Amino acid sequence: MIFNPHNLGVHKVLKHVPLNAVFDAPYKRALKKAVNIADLRLIAKSRAHKMVFDYLDAGSDDEISLRRGKDAYTELEMHYKILAGIKPPLDLSTKIFGMDVNLPFFGCPTAGNRMFHWEGETAAARAAETHGTLYGLSSLATTGITEIGELHNGPKVFQLYVWKDRELVKDVIAKAKEGGFGALALTVDFTWYGNRERDIRNDFSIPPKYSIPQIIEAVRKPAWTYDFLSHDPYTYACINTEVPADSLAAFVNSQIAPEFNWSDAEWLLGEWNGPAAPKGVVRPEDAKKAIEIGFSSIWVSNHGARQLETSPATIDVLPSIREAVGPDVEIIMDGGVQRGTDIAKAIALGADSVGVGKPYLWGLAAGGYDGVNKAYDILKVELDRAMGLLGTPTVEDLKREGPSLIKRRHGSSRDYPDRYAFDRGYGGGVV
């Protein structure tokens, strides 16, 4: 095991020295001034250890898919209706996995949230509860199923990887059912681990390896560092609280099953016996096959462009998948979303709901619950505005009229960002 100060009980001492508020004060002020998701990204970048921020921010290989995932939305124009005769408040409510929610978007299940802020998954669950929307919990979460179930009484989806150990799978999904999770998402695009070169360059590990560069960076980021040193060490609480976070790579490598196939998926559906979606679909024929073997929903995703480089932008493949499965099959989509207008475009082109990853995780890294809540607030206001200007007062109206409202255009030199745009968050994608 990698040596770390928790072995010496440093956190048991520092938790009685409440300096978190002091270190976090400038970031709280910045959060109040944040205007958009790109602002949250910059705050997260300034607060978090570089190793941690890059883990969150990066894609695979040359990050081509990461950039394309965001750029794809700029190629879609919104051809709005005029004099639609609507007035606020608009109705943003819908159903996800058959469960009523107040918003047509939600935070995707993502691993190891306590890495970004000590509140971790509890902050994300509380923010989802505040906004009355779905919460997604990763099977590699650093907060347990029971604790999340107590924090979030609304609709919840549990994410599962393609594990080898069927007894482990049965145990985990049984806990999810007991914890009030009404739907299951099987991640099907993680049979190999993506090549995330920022992690390699940063010598990424959980916890840090305490090399000279890592220590220097920790000193430069006192708010994140004090968070880490003054709280209990991470464990992967949904699987086994005895599995320390620094064993993640070894555990994943030992449990991920590249040989997992459609027959295995059928077995899993029989064990779960409830609403479920394969998460990671980009091909129409795979979507049709998934419905044929018993999945109730389709989750269009490319794992936030963190797996196979040059995988397609999900917004680009969404219409073909909608055409393949027909109008009645639920489709969830994530990928590249950083604006409420992006959410509106996805719904208009065939998604029933939209998952976001990086936007809420940037908020989490920037300020815990307050940051996640800010991300939801920003996206909600932007979506409401987009729907109002489009002339679609409800989510159902947006879905019904969407194909006539969104048109693809050819790119031009005017679409390219200025030299400072990347630092403002241009080009980010979704986990």
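Reading guide: rules and limits
Residues numbered from 1 in each chain as written. Predicted model: local features only at pLDDT ≥ 70, side-chain atom pairs only at ≥ 80, totals over all residues. Heavy atoms only, no water. Buried < 20%, exposed > 50% of the residue type's maximum accessible area, 1.4 Å probe, protein only. Helix = DSSP H or I, 4+ residues; strand = E, 2+ residues; numbered from the N terminus. Pairing = 2+ DSSP bridges. Right-handed = clockwise from strand over helix to strand, strands pointing away. UniProt positions renumbered as here; feature names shortened; annotations may be inferred. Salt bridge = Lys/Arg side-chain N within 4 Å of Asp/Glu carboxyl O. Axes fitted to C-alpha atoms, helices over the stretch in contact; angles between N-to-C directions. Parallel < 35°, antiparallel > 145°, perpendicular 65-115°, else oblique. Left-handed = near helix turned anticlockwise from the far one by under 90°. Contact = heavy atoms within 4.5 Å. Nonpolar A, V, L, I, M, F, W, Y, C, P; charged D, E, K, R; others polar. Polar contact = N/O pair within 3.5 Å; in protein donor to acceptor, adjacent residues only side chain to side chain. Lys, Arg positive; Asp, Glu negative; His and termini not counted.

Right, let's get into the pairing of strand β11 (residues 353-356). The alternating pattern of β11 places Ser-353 and Gly-355 and Val-354 and Val-356 on opposite faces, both of which are buried. Here strand β4 (residues 105-107) runs beside β11; their pairing, made up of 3 bridges, is parallel. By the bridge assignment, Phe-106 is partnered in β11 with Gly-355. Bridge analysis of strand β10 (residues 330-334) against β11 gives 3 bridges, and the strand direction is parallel. Each residue of the ladder has a partner; that of Met-333, found in β11, is Val-354. Of the crossover connections in this fold, the one passing from β10 over helix α16 (residues 340-348) to the parallel β11 is right-handed.

This chain's UniProt record puts "binding site: glyoxylate" (unreviewed entry) on Tyr-55, Tyr-161, Arg-196, His-303 and Arg-306. Assignment of secondary structure puts His-303 in the loop between β9 (297-300) and α15 (314-325). You can see Arg-306 is positioned in the loop between β9 and α15.

Before going further, it helps to spend a moment on unusual backbone geometry. For the bond running from Pro-88 to Pro-89, omega is 0°, close enough to zero to count as cis. In this structure, Pro-89 sits in the loop between β1 (76-78) and β2 (94-96). If you check the backbone angles, Glu-63 has positive phi at about 60° while not being a glycine. Taking relative accessible area as the criterion, Glu-63 reaches 13% and is therefore assigned buried. Backbone geometry at Leu-83 places phi at a positive 50°, although glycine is not the residue there. Within the secondary structure layout, Leu-83 lies in the loop between β1 and β2.

Attention shifts here to the pattern of salt bridges. Evaluated as defined, the whole model comprises 28 salt bridges. When the shortest N-O distance is used, the salt bridge between Arg-201 and Glu-197 registers 3.7 Å. With a gap of 4 residues between them, Arg-201 and Glu-197 both fall in helix α9 (residues 197-201), about one helical turn apart. Since its relative accessible area comes to 66%, Arg-201 is described here as exposed. Here Glu-197 falls in the partly exposed class, since its relative accessible area comes to 24%.

With that out of the way, let us pick up the packing of α16 against helix α17 (residues 358-390). Where α16 meets α17, the closest approach of the two axes is 7 Å, and the angle between their N-to-C directions is 55°. In terms of orientation, α16 lies oblique with respect to α17. Crossing of α16 against α17: the hand is right-handed. Between α16, through Gly-340, Thr-341, Ile-343 and Ala-344, and α17, the contact on the second element is made entirely by Leu-379, Glu-382, Leu-383, Ala-386 and Leu-390. Of the residues in the contact of α16 with α17, the class split is 6 nonpolar, 2 polar and 1 charged.

Right, let's talk about the environment of Lys-95 for a bit. Structurally, the position occupied by Lys-95 is in strand β2. When the C-alpha positions of Lys-95 and Glu-330 are compared, they lie 9.4 Å apart, and in sequence the two are 235 residues distant. For Lys-95, the contacting residues outside a window of four places in its chain are Asp-100, Val-101 and Glu-330. A polar atom in the side chain of Lys-95 sits 2.5 Å from the side chain of Asp-100.

Among buried charged residues, Arg-306 stands out as having no salt bridge; its nearest opposite-charge side chain is Asp-199, 5.3 Å away. A distance of 3.1 Å separates a polar side-chain atom of Arg-306 from the backbone oxygen of Ala-58.

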